[in-house]
Amino acid sequence: MRADRLVATLLLMQTRGRVTAAELAAELEISVATARRDLEALSTAGVPVYPQPGRGGGWRLVGGARTDLSGLTSREAQALFLLAGPAAAAAPEVKSALRKLMGALPGTFRADASAAAEAVLVDQTGWGERVKDRPPIVSLLQDAVIARRRVRLTYAGREKSERLVDPWGLVDKDDVWYLVAGTAKGRRTFRVDRIVEAAATDDAADRPADLELAKVWEEVVEEIERRRSLLTADIVLARRHFGVLRDRFGRHCELVAELPDDRVRARVAAPAPIMIAQELAGWGALVEVESPDSVKAELARLGSELIARYIP
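If you're wondering where the values come from, they're calculated on a predicted model, not measured in any experiment.

Considerations on the overall build of the protein
Here's step 1: Counting its regular elements, the protein contains 11 helices and 12 strands.
Here's step 2: Of all 312 residues assigned to the protein, the portion counted as buried reaches 33%.
Here's step 3: Across the protein, every contact between residues at least 6 apart in sequence was considered, and the portion connecting residues at least 24 apart equals 58%.
Here's step 4: Just so you have it, the protein exposes about 19,600 Å², and 52% of that area is on carbon and sulfur atoms.

Observations concerning the packing of aromatic side chains
Here's step 1: All told, the structure shown has 2 aromatic pairs when counted by the stated rule.
Here's step 2: Arranged with centres 5.1 Å apart and planes meeting at 75°, the rings of Tyr 155 and Phe 190 form a pair that is edge-to-face. Within this pair, whereas Tyr 155 is found in strand E4 (residues 149–156), its partner Phe 190 is found in strand E7 (residues 186–191), the two being separated by 35 residues in sequence. Across this residue pair, the class does not change: Tyr 155 and Phe 190 are buried.
Here's step 3: An angle of 45° between the planes, with centres 5.4 Å apart, marks the rings of Tyr 178 and Trp 217 as tilted. One end of the pair, Tyr 178, is in strand E6 (residues 176–183); the other, Trp 217, is in helix H8 (residues 213–228), and 39 residues separate them in sequence. The pair Tyr 178 / Trp 217 is uniform in exposure class, with both members buried.

Looking at unusual backbone geometry
Most peptide bonds adopt trans geometry, and most residues besides glycine take a negative phi value.
Here's step 1: Here the amide bond leading from Ser 291 into Pro 292 is cis, since omega sits at 0°, within 30 degrees of zero.
Here's step 2: As for its placement among the helices and strands, Pro 292 is situated in the loop between strand E12 (287–291) and helix H11 (293–310).
Here's step 3: Non-glycine residue Arg 148 carries a positive phi angle of around 55°.

Details of the nonpolar core
Within soluble globular proteins, side chains that are nonpolar generally end up buried alongside one another.
Here's step 1: Ranked by size, the top nonpolar core spans 18 residues in total, and within it Ile 235, Leu 237, Leu 245, Val 268, Ile 276 and Leu 280 carry the most contacts.
Here's step 2: With residues near it in sequence (within four places) discarded, Val 268 still touches Leu 231, Thr 232, Ala 233, Ile 235, Leu 245, Phe 249, His 252, Cys 253 and Ile 276.

So, the side chain of Asp 166
Here's step 1: Its location among the elements puts Asp 166 in strand E5 (residues 160–173).
Here's step 2: In this structure the side chain of Asp 166 is engaged in a polar contact, spanning 3.2 Å, whose partner is the backbone nitrogen of Asp 206.
Here's step 3: When near neighbours in sequence (up to four residues on either side) are disregarded, Asp 166 contacts Arg 150, Val 180, Ala 181, Gly 182, Ala 205 and Asp 206.

Side note on the sheet that holds E5
Here's step 1: If you trace the 5 strands from one edge of the open sheet to the other, you get E7-E6-E5-E4-E8, paired in antiparallel fashion. The sheet is open, and its two borders are formed by E7 and strand E8 (195–204), each paired with just one other strand. Mean inter-strand twist for the sheet, computed between neighbouring axes without regard to direction, equals 45°.
Here's step 2: In this sheet, E6 lies alongside E5 in antiparallel orientation, the contact comprising 7 bridges. Residue Asp 172 lies in a different strand from E6, and its bridge partner there is Trp 177.
Here's step 3: Against the sheet, helix H7 (residues 137–147) touches E4, E5, E6 and E8, its axis set at about 20° to E8.
Here's step 4: Sitting on the sheet, H8 is in contact with E5, E6 and E7, with an inclination near 75° to E7.

Quick notes on the pattern of salt bridges
Side chains carrying opposite charge are able to pair once their charged atoms draw close together.
Here's step 1: Counted by the stated rule, this structure contains 16 salt bridges.
Here's step 2: The salt bridge partner of Arg 187 is Glu 219, with a shortest N-O separation of 2.9 Å. Placement of the pair is Arg 187 in strand E7 and Glu 219 in helix H8, with a sequence separation of 32 residues.
Here's step 3: For Arg 187, a relative accessible area of 27% gives the class partly exposed.

Some details on helix H3 (residues 32–44)
Here's step 1: Helix length check: H3, at 13 residues, gives a terminal C-alpha distance of 18 Å against a target of 18 Å (1.5 Å per residue), a fit within 8%.
Here's step 2: Within H3, the full set of buried residues consists of Thr 34, Ala 35, Asp 38, Leu 39, Ala 41 and Leu 42. Looking straight down H3, one finds its buried side chains confined to an arc of 160°; they lie on one side.

Observations concerning the confidence of the model for the protein
Here's step 1: Scored by pLDDT, the protein has a mean of 82; 80% of the residues are at 70 or more.
Here's step 2: When mean pLDDT is compared element by element in the protein, E12 scores highest at 96, while helix H4 (residues 74–88) scores lowest at 64.

Notes on the sheet that holds strand E1 (residues 18–19)
Here's step 1: Sheet architecture is open: 3 strands sit in the order E1-E3-E2, paired in antiparallel fashion. Looking along the sheet, the strands with just one partner apiece sit at the ends: E1 and strand E2 (49–52).
Here's step 2: Across 4 bridges, the pairing between E2 and strand E3 (residues 58–61) is antiparallel. Counterpart to Gln 52 in the pairing with E3 is Gly 58.

About the cut-offs
Residues numbered from 1 in each chain as written. Predicted model: local features only at pLDDT ≥ 70, side-chain atom pairs only at ≥ 80, totals over all residues. Heavy atoms only, no water. Helix = DSSP H or I, 4+ residues; strand = E, 2+ residues; numbered from the N terminus. Buried < 20%, exposed > 50% of the residue type's maximum accessible area, 1.4 Å probe, protein only. Contact = heavy atoms within 4.5 Å. Areas by Shrake-Rupley, 256 points an atom, 1.4 Å probe, with all protein chains shown as cover. Phe/Tyr/Trp six-rings, centres within 6.5 Å; stacked < 30°, edge-to-face > 60°. Core = buried A, V, L, I, M, F, W, Y, C linked by side-chain atoms within 4.5 Å. Polar contact = N/O pair within 3.5 Å; in protein donor to acceptor, adjacent residues only side chain to side chain. Pairing = 2+ DSSP bridges. Axes fitted to C-alpha atoms, helices over the stretch in contact; angles between N-to-C directions. Salt bridge = Lys/Arg side-chain N within 4 Å of Asp/Glu carboxyl O. Expected span 1.5 Å × (residues − 1). Arc of directions from axis to C-beta. pLDDT = per-residue confidence, 0-100.

See the structure below:
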């Protein structure tokens, strides 16, 4: 919209002090003619901008006229730019917002804020992995959350089903997106990559007035972690290997006791015996399972299968 461009033009002039029509056109991705018309429109509307002809000329603000953003400290400005800076490269909207915010900051804050915006680069692609694109359906769900509109979706869980939900918020957890929503049966969490179809309706969504998405997500995580730690197993291994074991099991691994001969007793957890056995099978004789018998039995079964397949 032209109003957005005029605001962006004014803020850009506040940041740079002087700008040419060509520079403005390149920054806002418009034609030079459009940029020139926008500058003239600001002047006609009474904004104190004026053209300066000749080499080194351009358009300037008379007397350093500016808008001001009050209530923001230097450290707060740096924190905002540190947070939003890495996203600016991928989202044009973020880049535009940062430019406007930069223009509204007091001059003494701008250098640090600009440095903060370029201080961090986020590369979310693991070594040897392909770039993970954000699921297209996320934008639709995000719009529904903001507009507070109910969503009708087809979900492929254990069985494919159609749901009418009140979207409360979206969570990106390690590149896996989740929709937290209210349903006729209470709060539910849906993996976005399992949503086959989704469409926003014209019905207003029911969202608790005191809802805090962060707290709701904490409850979801605690519930899931409880399910993932229904069974525990005590194992013994060399102290030097404990760090690797903890990396594999994450929060479901704890140090129980220090043992002689530089060994330790650790406790790991998972939903079922087979899941612990599958994780430990690759360790071979480096670990010794003390309990329970169900995990020992699964390890023995896995060992028998491997022997039957690979030993003539």
